[in-house]
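Residues per chain, in single letters:
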Amino acid sequence: MTIQQISQRGKQYLKTVETLLHVAQAMTDRAIAGQLKALADDYQRRAERASHVAAAKIVARSADSAEGEPRM
């Protein structure tokens, strides 16, 4: 998935992922670093889901508007 395909909410999740991973790398406590990485993975999945939902809404809107147009 490219940056252009990612929804605004997805972009916010990815920014959070970057922050979490950066902090996890700086951690000396391996247990906390592991938890931060797990949280980053969860946010990565949320970003993907948010982008898929946004894309589905666009497709649905496009289909709805096409139904209202006269056919040739």
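Remember, it's a predicted structure, so these values are computed and weren't measured experimentally.

Side note on the pattern of salt bridges
And step 1. Under the counting rule described, the total for this entry stands at two salt bridges.
And step 2. The closest approach of N and O atoms between Arg-45 and Asp-42, which form a salt bridge, is 3.7 Å. Of this pair, Arg-45 and Asp-42 both sit in helix H2 (residues 30-68), three residues apart, roughly one helical turn.
And step 3. Put simply, Arg-46 and Asp-42 hold a salt bridge, and the shortest N to O gap is 3.0 Å. With Arg-46 and Asp-42 both in helix H2, this residue pair falls four residues apart, about one helical turn.
And step 4. According to the relative accessible area criterion, Arg-46 is partly exposed, its value standing at 32%.

Thoughts on the packing of aromatic side chains
And step 1. By the definition in use, this model includes one aromatic pair.
And step 2. Considering the side-chain rings of Tyr-13 and Tyr-43, the 5.4 Å spacing of their centres and the 65 degrees angle between planes classify their relative orientation as edge-to-face. Here Tyr-13, found in helix H1 (residues 8-26), pairs with Tyr-43, found in helix H2; they are 30 residues apart in sequence, far enough to count as distant.

Structural notes on the nonpolar core
A general trend in soluble globular proteins is that nonpolar side chains are found buried together.
And step 1. With six residues, the main nonpolar core is built from Val-17, Leu-20, Ala-24, Ala-33, Leu-36 and Ala-40.
And step 2. Put simply, the parts of the chain that give this core at least two residues each are H1 and H2.
And step 3. Each residue touching Val-17, except ones within four places of it in the same chain, is listed here: Ala-40, Tyr-43 and Gln-44.

Conventions used here
- The residue numbering used here restarts from 1 in each chain and proceeds along that chain's sequence as written.
- Predicted model: local features are reported for residues with pLDDT of at least 70 only, side-chain atom pairs are reported and counted for 80 or more only, and whole-chain, interface and lining totals are derived from all residues.
- Calculation of side-chain values draws on the structure's entire complement of heavy atoms; hydrogens and water are dropped beforehand.
- By definition here, a salt bridge exists when the distance from a side-chain nitrogen of Lys or Arg to a carboxyl oxygen of Asp or Glu is within 4 Å.
- Comment: elements are numbered from the N terminus, with helices defined as DSSP H or I runs of at least four residues and strands as E runs of at least two.
- Buried, partly exposed and exposed residues are distinguished by accessible area as a fraction of the type maximum, computed with a 1.4 Å probe on protein chains only: under 20%, between the cut-offs, and over 50%, respectively.
- Only rings of Phe, Tyr and Trp enter the pairing, Trp through its six-membered ring, and a pair is recorded when the two centres are within 6.5 Å. The plane angle decides the type: under 30 degrees is stacked, over 60 is edge-to-face, the rest tilted.
- Here, nonpolar core refers to any group of buried Ala, Val, Leu, Ile, Met, Phe, Trp, Tyr and Cys residues whose side-chain atoms link them within 4.5 Å.
- In this analysis, two residues are considered to be in contact whenever any of their non-hydrogen atoms come within 4.5 Å of each other.

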